[in-house]
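Now for the letters of each chain:
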Amino acid sequence: MNKIISIGIIGGTGSMGRWFKDFFSAAGHNVLISGRTTDITYADVAKECDVVILSVPIDAAISIAKDIGPLMHKEQLLMDMCSLKEEIVKSMTDNTKAEVLGTHPLFGPFTDSIKGQNVILCPGRGERWLKWIENECSLRGAVVCVMDPLTHDRHMAVVQGLTHFTTICMARTLQKMNMDACNVLSCSTPVFKINYNLIGRLFAQDIDLYKSLINKNKNFKDVLEIFISAMDEGKDALLSGQDESGTMFMENIREFFKDTCKDALKESNKIISALYS
Ligand SMILES: NC(=O)c1ccc[n+]([C@@H]2O[C@H](COP(=O)([O-])OP(=O)(O)OC[C@H]3O[C@@H](n4cnc5c(N)ncnc54)[C@H](OP(=O)(O)O)[C@@H]3O)[C@@H](O)[C@H]2O)c1
């Protein structure tokens, strides 16, 4: 399928929607944007476009899929960009005869290019458009991975849920200790500075989005329990007063990560160099 496609992006007024409007326009496709206040309605794009993309918050996407799904026919594709997949893929599949594809670009709207970025595809119905989108992304250098929605959400409970949760809790710790930028950055190490920037990065963006990555992921509670038990173990081992137990605890973890540690050291050195260049 190498022809020009008409693509309608619902929520194309938002940050990811605008990013993908530019992406698909640069690829030569015709892109229409629809939002709650645009002249082009959701129904217009559902009736007119080959591909309809839902790029709105997840609750809105689930509800819009119910409204526009019945307007679409089986030659079309209904896809979404939501960060969780189980409910939205079900909502799309249940409410339309069109092909259905859950899509999760694992990058944000400040990314310059799709090259090297991960994109997860969760097929709902049909093969034809799945191949098309795989091609559109991988031709431009994305790393595309196909998986079922449940597996996706389980991974995201760690990749997004745990990552953002620990950032929020680190921020809360600094707040409780009244360690703001004025009194902490002058004595920061490069690694602390990166962590500090990651806190700022999160709170500079849409809090509701981050909140939903944690509290709408059904798998997060299990991850959190494991995390809390790991903290307890760490506390026992490292604060036991016996140096050896801390060493054994950390050696055991190092054994799990093995050679990847050396690569991670190289990669993180690049980040630190970029921070001071
Ligand atoms: N930002 C990221 O880093 C990122 C990365 C990967 C995936 N995603 C996913 O991409 C989707 C869009 O995220 P985004 O960052 O682009 O958000 P955004 O900038 O807030 O844009 C979302 C758009 O959705 C529309 N919208 C907002 N609330 C709505 C509601 N209650 N009902 C209907 N429409 C509503 C708005 O358009 P109108 O006001 O014009 O209607 C808004 O422009 C989300 O599902 C998110 O999980 C985001």
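Residues numbered from 1 in each chain as written. Predicted model: local features only at pLDDT ≥ 70, side-chain atom pairs only at ≥ 80, totals over all residues. Heavy atoms only, no water.

Some points on the overall build of the protein chain
Across its full length, the protein chain carries 12 helices and 7 strands. Reported as C-alpha extents along the three principal axes, the dimensions of the protein chain are approximately 70 × 35 × 35 Å. Relative to its 277 residues, the protein chain shows a buried fraction of 37%. Relative to all contacts within the protein chain whose residues are 6 or more apart in sequence, the contacts with residues 24 or more apart total 65%. Put simply, the protein chain shows about 16400 Å² of open surface, and 56% of that area lies on carbon and sulfur atoms. Mean positive and mean negative side-chain charge positions of the protein chain (30 and 34 charges, respectively) differ by 3 Å. (Helix = DSSP H or I, 4+ residues; strand = E, 2+ residues; numbered from the N terminus. Buried < 20%, exposed > 50% of the residue type's maximum accessible area, 1.4 Å probe, protein only. Contact = heavy atoms within 4.5 Å. Areas by Shrake-Rupley, 256 points an atom, 1.4 Å probe, with all protein chains shown as cover. Lys, Arg positive; Asp, Glu negative; His and termini not counted. Charge placed at Lys NZ, Arg CZ, Asp CG, Glu CD.)

Some thoughts on unusual backbone geometry
The residue N178 is not glycine, and still its phi comes out positive at about 55 degrees. Relative to the helices and strands, N178 is located in the loop between helix 6 (149-176) and helix 7 (181-184). Owing to a relative accessible area of 56%, N178 belongs among the exposed residues under this scheme. A positive phi angle is found at K258, which is not glycine, with a value near 45 degrees. Considering the arrangement of structural elements, one finds K258 in the loop between helix 11 (243-257) and helix 12 (260-275). Owing to a relative accessible area of 53%, K258 belongs among the exposed residues under this scheme.

Observations regarding the site of the ligand
Around the ligand sit 20 residues, and of these T13, M16, R36, V56 and S83 come closest. Between the ligand and R36 there is a distance of 2.8 Å, counted from an oxygen atom to a backbone nitrogen or oxygen. One of the side-chain nitrogen or oxygen atoms of S83 is found 2.8 Å away from an oxygen atom of the ligand. Across the shell around the ligand, the residue classes tally to 11 nonpolar, 8 polar and 1 charged. (Near = heavy atom within 4 Å. Polar contact = N/O pair within 3.5 Å; in protein donor to acceptor, adjacent residues only side chain to side chain. Nonpolar A, V, L, I, M, F, W, Y, C, P; charged D, E, K, R; others polar.)

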